[in-house]
Amino acid sequence: MTTNHELFQRAQARIPGGVNSPVRAFKSVGGEPFFTARADGAYLWDVEGTRYIDYVGSWGPMIVGHNHPSVREAVERAVRDGLSFGTPCAAEVTMAEAIAAIVPSVEVVRMVNSGTEATMSAIRLARGYTGRQRIVKFEGCYHGHGDAFLVKAGSGALTLGVPTSPGVPKALADLTLTLPYNDLGAAQQLFAEHGDEIAALIIEPVAGNMNCILPRDGYLAALRELCTKHGALLIFDEVMTGFRVALGGAQAHYGITPDLSTFGKIIGGGMPVGAYGGRREIMQQVAPAGPIYQAGTLSGNPVAMAAGLAMLDLVRTPDFHAQLDRRTRLVTDGFAAAAAEAGVPLAINRICGMFGLFFTDAAKVETYAQATACDVATFNRFFHAMLARGVYLAPSAFEAGFVSIAHTDEVIAATIEAARAAFRDAAT
Ligand code: PLP
């Protein structure tokens, strides 16, 4: 039998860090990753045959559980007709219509192959449409690995961006302004000083990349107003929240209409898919309808579209999100009770299908500064204590947990049973 350790040794020889996406490497929690051999429902099995209850869900797409028969069969049917055509296909049209029907702010949509492509394309479009160059993003939000986003706030009053990765040109980073999330005053000040230079403000309406931070009451509406007042586009990055926190995403949940939205994860059903879309007059600027260039050999791939459409059919069923919300509450209430029983200070944020566990004394966690001040060492002990008991949480204190509809009451009960012991272990 091949072991996880052997595979990781081989992987490290031929793949940077042994992984094809950094967070998989367990660097922040320590130890070595396991290699998944198969997945079904709420479970993963590694190559050694160990089973884990999975709260990562492939980082978001697996909202109906792994290997759902409807999605798998849709893919199997599509594969029989060929893998890629390089011409338009009917499924792309059905997908565009489905997204527009579910998310009313998206009148016109372009399919791409990842969330990163969606956000990169959306800001090019915003720049081309407005004729402005600066973009605004938020500390702790992640929008993929495009150069413009791998930037943190500098120290000057204007907070000219500083690259967070070698290879990102300083000249490009200068165009990215970074604000603290949930701090309206900071946004108002920035727009008062530089509003007419800003092409777009991009935000995760619920921030899932600094654990799970919800917007304060009225915050998103105030950002909407600021953008409108200053002629900047508001981009909701719903790669994580889309079709999850509500069928229509965070924009439906909070009742805000962005100019552009980006999607990924769930709309691909587990296949590599992203999308960006929004108001017709803006989207009509994208080639070949307009002059702003963006393209993709495999975009709108028929197999990926089949998977995504099958997934959308499942999440569109009545009651789906009410059920998912109930499960999210059940598991987070269970975590809260188990932590209290073990005497571990824990704050929890949750919204339908997503949650964040914060090892902190604070009653509420609403900012990046608070999220990063949490006790990472205790989280890491908790993570490993859960893994040893067959529960896989995201291997980082700064990633959201994902609940799927396959997390039944029994699965959740087993999770909480493990958590009661794991909190005790983590506390010592
Ligand atoms: N935007 C958000 C909010 C994300 O969470 C992610 C990935 O986790 C991305 C964009 C990038 O998506 P991808 O990893 O598909 O490129």
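Anything mentioned here points back to the structure above.
Residues numbered from 1 in each chain as written. Predicted model: local features only at pLDDT ≥ 70, side-chain atom pairs only at ≥ 80, totals over all residues. Heavy atoms only, no water.

**Q** Is there a simple way to think about the overall build of the protein in this case?
**A** Counting its secondary structure elements, the protein contains 14 helices and 16 strands. The C-alpha radius of gyration computed for the protein amounts to 21 Å, which stays within 12% of the reference 22 Å derived for 428 residues, consistent with globular compactness. Expressed along its principal axes, the backbone C-alpha trace of the protein runs to roughly 55 × 55 × 45 Å. By sequence separation, contacts in the protein at least 24 residues apart represent 71% of the contacts at least 6 residues apart. Of the roughly 17700 Å² of accessible surface on the protein, a fraction of 53% belongs to carbon and sulfur atoms. (Helix = DSSP H or I, 4+ residues; strand = E, 2+ residues; numbered from the N terminus. Rg over C-alpha atoms; globule rule 2.2 N^0.38 Å. Contact = heavy atoms within 4.5 Å. Areas by Shrake-Rupley, 256 points an atom, 1.4 Å probe, with all protein chains shown as cover.)

**Q** Is there a simple way to think about helix α4 (residues 115–130) in this case?
**A** Structurally, the α-helix is built with 3.6 residues per turn, so residues lying three or four positions apart point the same way. The end-to-end C-alpha distance of α4, which contains 16 residues, comes to 22 Å, matching closely the 22 Å that a straight helix rising 1.5 Å per residue would cover. Among all positions in α4, only Gly115, Thr116, Ala118, Thr119, Ser121, Ala122, Ile123, Leu125, Ala126 and Arg127 are buried. The N-cap of α4, judged by a side-chain oxygen 3.4 Å from the amide nitrogen of threonine 116 a few residues on, is serine 114. Trailing α4 by a residue or two, glycine 131 shows a phi angle of about 70°, which is positive. (Expected span 1.5 Å × (residues − 1). Buried < 20%, exposed > 50% of the residue type's maximum accessible area, 1.4 Å probe, protein only. Polar contact = N/O pair within 3.5 Å; in protein donor to acceptor, adjacent residues only side chain to side chain.)

**Q** Honestly, the nonpolar core in this entry has me stumped. Any pointers?
**A** Nonpolar side chains tend to gather and get buried jointly when the protein is soluble and globular. Ranked by size, the top nonpolar core spans 78 residues in total, and within it Ile267, Phe335 and Phe382 carry the most contacts. Per-element accounting of this core gives the leading share, 11 residues, to helix α10 (residues 302–315). Apart from residues no more than four positions distant in its own chain, isoleucine 267 is found in contact with Met95, Ile99, Met111, Phe243, Val273, Gly274, Ala275, Gly308 and Leu312. Listed in part, the 30 residues of the second largest apolar core include Leu177, Tyr181, Ala187 and Met210. (Core = buried A, V, L, I, M, F, W, Y, C linked by side-chain atoms within 4.5 Å.)

**Q** Explain the packing of helix α6 (residues 184–194) against helix α7 (residues 219–230) here, please?
**A** Between two packed helices, the angle of one axis relative to the other and the distance separating the axes together describe the packing. Running from amino to carboxyl end, α6 crosses α7 at an angle of 5°, the nearest separation of the two axes being 11 Å. Here α6 is positioned roughly parallel relative to α7, judged by the angle of their axes. For the pair α6 and α7, contact is made by Leu184, Ala187, Gln188, Phe191 and Ala192 and by Tyr219, Ala222, Leu223, Leu226, Cys227 and His230, respectively. Broken down by class, the residue content of the contact of α6 with α7 amounts to 9 nonpolar, 2 polar and no charged. (Axes fitted to C-alpha atoms, helices over the stretch in contact; angles between N-to-C directions. Parallel < 35°, antiparallel > 145°, perpendicular 65-115°, else oblique. Nonpolar A, V, L, I, M, F, W, Y, C, P; charged D, E, K, R; others polar.)

**Q** Where do I start with the site of the ligand in this structure?
**A** Taken together, the neighbourhood of the ligand is formed by Ser114, Gly115, Thr116, Tyr142, His143, Gly144, Glu204, Asn209, Asp237, Val239, Met240 and Lys265. Interatomic distance of 2.9 Å between a backbone N/O atom of glycine 115 and an oxygen atom of the ligand. Within the contact set of the ligand, an oxygen atom lies 3.1 Å away from a side-chain nitrogen or oxygen of asparagine 209. Protein coverage of the free-state accessible area of the ligand, which is 390 Å², stands at 81%. (Near = heavy atom within 4 Å.)

**Q** In this structure, what is going on with the packing of aromatic side chains? I would like to understand it.
**A** The description of two aromatic rings rests on the distance between their centres and on the angle between their planes. Here the structure, examined in full by the defined rule, presents 19 aromatic pairs. Relative to tyrosine 181, the ring of phenylalanine 138 has its centre 6.0 Å away and its plane inclined at 80°; by these criteria the two rings are edge-to-face. Linking phenylalanine 138 in strand β5 (residues 134–138) with tyrosine 181 in the loop between β8 (176–179) and α6, this pair joins segments that are 43 residues apart in sequence. For the ring pair phenylalanine 382 and phenylalanine 423, a centre distance of 4.2 Å and an interplane angle of 20° mean the geometry is stacked. Taken as a pair, phenylalanine 382 in helix α13 (residues 376–388) and phenylalanine 423 in helix α14 (residues 409–427) lie far apart in primary sequence, 41 residues in all. In this structure phenylalanine 423 comes out as buried when scored by relative accessible area, which is 0%. (Phe/Tyr/Trp six-rings, centres within 6.5 Å; stacked < 30°, edge-to-face > 60°.)

**Q** What should I look at first to understand the sheet that holds strand β15 (residues 391–392) in this one?
**A** What holds strands together in a sheet is hydrogen bonding between their backbones, with the strands either parallel or antiparallel. Read across the sheet, 4 strands follow the order β1-β2-β3-β15 without closing on themselves; strand pairing throughout is mixed. What marks the edges here is a single partner per strand, and that holds for β1 (36–40) and β15. Strand direction decides the pairing type here: strand β3 (residues 51–54) and β15, joined by 2 bridges, are parallel. Looking across to β15, one finds that isoleucine 53 is bridged to valine 391. (Pairing = 2+ DSSP bridges.)

**Q** Whenever I open this one, the side chain of serine 105 confuses me. Can you help?
**A** Considering the arrangement of structural elements, one finds serine 105 in the loop between α3 (90–102) and β4 (108–112). Serine 105 has contacts with Gln251, Thr257, Pro258, Ser261, Gly278 and Arg279, leaving out every residue within four places of it along the chain.

**Q** I'm lost on the layout of surface pockets in this one. Help?
**A** Where empty space is left can be seen by rolling a probe of water-molecule size over the atoms. The calculated volume of the second largest pocket comes to roughly 510 Å³. Forming the boundary of the second largest pocket are 23 residues, of which Pro88, Glu92, Arg110, Ser299 and Gly300 lie nearest the centre. Looking at the lining of the second largest pocket, the elements with two or more residues in it are α3 and β4. Among the residues making up the lining of the second largest pocket, the classes are represented as 12 nonpolar, 9 polar and 2 charged. (1 Å grid on protein atoms, 1.4 Å probe; cavity = no way out; pocket = protein on both sides within 12 Å on 5 of 7 lines; lining within 4 Å. Points joined across faces, edges and corners; volume = space filled by probe spheres on them.)

**Q** Hey, could you run me through the pattern of salt bridges in this one?
**A** When the charged atoms of two side chains lie near each other, side chains of opposite charge can form a pair. Enumeration over the complete set of coordinates arrives at 15 salt bridges. Ionic pairing is found between aspartate 409 and arginine 326, a salt bridge with its closest N-O pair at 3.1 Å. Here aspartate 409, found in helix α14, pairs with arginine 326, found in helix α11 (residues 320–342); they are 83 residues apart in sequence, far enough to count as distant. Salt bridges here are not isolated pairs; linked through shared partners, they connect Arg224, Asp259, Arg279 and Glu281. (Salt bridge = Lys/Arg side-chain N within 4 Å of Asp/Glu carboxyl O.)

In short, shape yes, function no, at least from these values alone.
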